[in-house]
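Structural overview
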Amino acid sequence: MAKTGYGKRSAGDEDSHAEADFAHLSPRERDVAVFVDNLEDGHAMGYKAIAAVHPRYGQQATRMALKGLCDAGHLCRIREHITVEDNSMRWVTRTYWSRTRRSKEWWADFARARKGRIVTDEYRPGLARTDDQGVPEEPAEEAAEATEESGSTAYRTLADLGEADRRMPLSESDCRSLEILAAEWLSRGATPNDITRALTDGLPSAVTNPGGLARKRLESKMPPKKARIRQKPAPRRARVDRVIMCCMSCDADERTTTIDGGMCPDCRAEYEADLAAEAAGELDARYVPETFLADPYPVYEVVDVARRAAEARAAGGLRTKSGRAL
């Protein structure tokens with residue numbers, strides 16, 4: 001399965017299964033299309049991941065097939081910027097699959113329609129922010145739902161932080177977004193003084209982002225959980241506020257290049273060159289390459305060990321075990 005935000009996702013509104021679903025594709029692309037169509041939602045869609053489980057094709061063949069499926073209108077990769085109600089933000093890259101063949105215009109309309117979508121069910125508290133590539137990190141441990149009493153105590157502790165140290169004044173928005181973390185500290189046996197000390201000890205001479213520093217310390221210094229069952233928090237409201245079409249084969253997107261039929265110009269040129277080379281017999285990407293197969297049994301040389309030992313002794317000026325020189 002892919003990491004959070006990645007993996008196969010159905011575009012929806014598809015025709016029923018039929019024999020002619022992939023009749024317009026080449027035999028290899030048809031084979032990979034049937035394989036992908038039967039993968040469960042969430043399965044990793046990189047060519048290496050699919051080649052690792054496909055019974056017939058290796059990485060090169062799978063990579064070419066996925067480009068072909070993208071060009072034929074079955075695959076589309078979209079990068080979405082999500083804002084959560086606590087004002088945290090992240091990029092996720094989604095790979096959409098459609099059994100029904102779609103036009104470039106259909107996919108463009110589909111992508112634009114994602115903007116403004118509420119995706120609350122796809123977000124869980126504690127999910128780490130993504131990096132610049134839009135690749136999500138492993139989900140962090142989810143915080144337990146704070147009770148009303150611990151929540152109010154947590155908020156007051158954060159709101160009073162500026163009085164404890166003038167370098168750490170937190171805004172109301174900061175206090176609200178960090179309240180669940182502080183409440184989790186309290187639920188694990190920490191006191192308000194413990195939180196204050198953790199957020200003020202060893203500060204630099206100047207703090208430019210008190211809210212960010214407080215979040216980092218609350219997460220990294222979190223006390224261990226007690227051995228008891230806690231209820232998981234409800235998903236926070238999350239919304240897609242930006243959508244960008246990106247290349248199926250690389251990290252390029254429409255902010256820096258043209259995405260046509262799911263590919264950037266460089267990847268399309270590479271794909272067309274590979275097709276031409278394959279048609280000319282210069283490239284065979286049909287099956288698993290020999291480097292992916294198990295090594296054959298090695299051929300061992302038969303060696304007269306006794307004679308070799310005797311020769312070594314003689315070279316050193318020693319007599320053989322029988323007492324005679326060679």
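All chains use their own residue numbering, which begins from 1 and follows the written sequence. Predicted model: local features are reported for residues with pLDDT of at least 70 only, side-chain atom pairs are reported and counted for 80 or more only, and whole-chain, interface and lining totals are derived from all residues. For side-chain calculations, the full set of non-hydrogen atoms in the structure is used, while hydrogens and water are omitted.

**Things to note about the pattern of salt bridges**
Here, a salt bridge means any side-chain nitrogen of Lys or Arg that lies within 4 Å of a carboxyl oxygen of Asp or Glu. Applying the stated criterion across every chain yields a total of 17 salt bridges. One salt bridge in this structure joins aspartate 71 and arginine 268, with 2.9 Å as the shortest N-O distance. Placement of the pair is aspartate 71 in helix H3 (residues 59-72) and arginine 268 in helix H10 (residues 265-279), with a sequence separation of 197 residues. Here the salt bridges do not stand alone but share partners, grouping Arg63, Lys67 and Glu270 into one network. Secondary structure follows DSSP: runs of H or I at least 4 residues long count as helices, runs of E at least 2 residues long count as strands, and numbering of each begins at the N terminus.

**Details of the packing of H3 against H10**
Fitting a line to C-alpha atoms yields each axis, with helices limited to the stretch in contact; the angle taken between N-to-C directions then spans 0 to 180 degrees. Running from N to C, H3 and H10 cross one another at 115°; their axes reach a closest spacing of 11 Å. As for the relative orientation of H3 and H10, their crossing is left-handed in sense. Contacts between H3 and H10 involve Gln60, Arg63, Met64, Lys67, Gly68 and Asp71 on the former and, on the latter, Cys267, Arg268, Glu270, Tyr271, Asp274, Leu275 and Glu278. Residue classes follow a fixed rule: Ala, Val, Leu, Ile, Met, Phe, Trp, Tyr, Cys and Pro count as nonpolar, while Asp, Glu, Lys and Arg count as charged, and any other residue, Gly among them, counts as polar. Considering only residue class, the contact of H3 with H10 consists of four nonpolar, two polar and seven charged. Handedness of a helix crossing follows the sense of rotation of the near helix relative to the far helix, less than a right angle counterclockwise being left-handed and clockwise being right-handed. We call two residues in contact whenever any of their non-hydrogen atoms come within 4.5 Å of each other.

**A closer look at a positive patch on the surface**
Taken together, the side chains of Lys115, Arg237, Arg239 and Arg242 present a region of like positive charge at the surface. Note on placement: arginine 239 falls in strand S4 (residues 238-246). Exposure above 30% relative accessible area and no salt bridge define the residues that can form patches, which grow by joining like charges within 9 Å and nonpolar side chains of Val, Leu, Ile, Met, Phe, Trp and Tyr within 5 Å. Shrake-Rupley sampling with a 1.4 Å probe provides the accessible areas, and residues are treated as covered by the protein chains on show and by no other component. His is not counted here, nor are the chain ends, while Lys and Arg score as positive and Asp and Glu score as negative. Where a charge sits is defined by one atom per residue type, namely NZ (Lys), CZ (Arg), CG (Asp) or CD (Glu).

**Overview of the environment of glutamine 60**
By the secondary structure assignment, glutamine 60 is in helix H3. Sequence separation between glutamine 60 and aspartate 274 is 214 residues; the distance between their C-alpha atoms is 9.9 Å.

**Side note on the packing of helix H7 (residues 172-187) against helix H8 (residues 192-200)**
The interhelical angle for the contact between H7 and H8, taken along N-to-C directions, is 125°, at an axis separation of 9 Å. Judged by the inter-axis angle, H7 sits oblique to H8. Crossing of H7 against H8: the hand is right-handed. Residue-level contacts link Ala182, Trp185 and Leu186 of H7 to Pro192, Asp194, Ile195 and Ala198 of H8. When the residues that make up the contact of H7 with H8 are grouped by side-chain class, the tally is six nonpolar, no polar and one charged. Any angle that is under 35 degrees is reported as roughly parallel, and any over 145 degrees as roughly antiparallel; angles of 65 to 115 degrees are reported as roughly perpendicular and all others as oblique.

**Some points on the environment of threonine 95**
Examined against the element boundaries, threonine 95 turns out to sit in strand S3 (residues 89-97). For threonine 95, a relative accessible area of 3% gives the class buried. When the C-alpha positions of threonine 95 and alanine 44 are compared, they lie 9.0 Å apart, and in sequence the two are 51 residues distant. N or O atoms closer than or at 3.5 Å make up a polar contact, with two conditions inside protein: a donor-capable atom paired with an acceptor-capable one, and, for residues adjacent in sequence, both atoms drawn from side chains. A polar contact is formed between the side chain of threonine 95 and the side chain of arginine 77, at a distance of 3.4 Å. When accessible area is computed with a 1.4 Å probe and restricted to protein chains, residues below 20% of their type maximum are described as buried, those above 50% as exposed, and intermediate ones as partly exposed.

**Focus on the nonpolar core**
To define a nonpolar core, start from buried Ala, Val, Leu, Ile, Met, Phe, Trp, Tyr and Cys residues and group those joined through side-chain atoms within 4.5 Å. Counting residues in each nonpolar core, the largest one holds 21 residues, and the members touching the most others are Leu158, Leu170, Leu178, Ile195, Leu199 and Leu218. Among the elements of the structure, helix H5 (148-159), H7, H8 and helix H9 (210-220) are those that each provide at least two residues to this core. Broken down by element, this core gets its largest block of residues, seven residues, from H7. Look past the residues within four positions of leucine 178 in its chain and what remains in contact with it is Leu158, Leu170, Gly211, Ala214, Arg215 and Leu218.

**Some thoughts on the confidence of the model for the protein chain**
Values of pLDDT, ranging from 0 to 100, describe the predictor's confidence in every residue of the model. Averaged over all residues, the pLDDT of the protein chain equals 78, while 75% of them reach at least 70. In the predicted structure, residues 124-142 sits below a pLDDT of 50 and forms 43 contacts with residues beyond four places in sequence or in another chain. Within the model, the stretch residues 287-300 combines pLDDT values under 50 with nine contacts to residues more than four positions away or in other chains.

**Some details on the packing of aromatic side chains**
Working definition: a ring pair exists when centres of Phe, Tyr or Trp rings (six-membered ring for Trp) sit within 6.5 Å. Plane angles under 30 degrees give stacked, over 60 give edge-to-face, the rest tilted. For the structure on display, the rule yields five aromatic pairs. Each ring, one from tyrosine 96 and one from phenylalanine 110, has its centre 4.9 Å from the other, and the planes form 75°; the classification is edge-to-face. Within this pair, whereas tyrosine 96 is found in strand S3, its partner phenylalanine 110 is found in helix H4 (residues 104-114), the two being separated by 14 residues in sequence. When sorted by exposure, tyrosine 96 lands in the same class as phenylalanine 110, which is buried. Summarising the aromatic geometry, the rings of tryptophan 107 and phenylalanine 110 are spaced 5.5 Å apart at their centres and angled 90° between planes, so their arrangement reads as edge-to-face. Here the residue tryptophan 107 and the residue phenylalanine 110 both occupy positions in helix H4, the gap between them amounting to three residues, near one helical turn. Judged by relative accessible area, tryptophan 107 falls into the buried class, the value being 4%. Taken together, Tyr96, Trp106, Trp107 and Phe110 form an aromatic cluster joined through their ring pairs. Across the ring face of tyrosine 155, the terminal group of arginine 176 is positioned such that the distance to the ring centre comes to 4.1 Å. Here, a charge over a ring means that NZ of Lys or CZ of Arg falls within 6 Å of the ring centre while also lying within 35 degrees of the ring normal.

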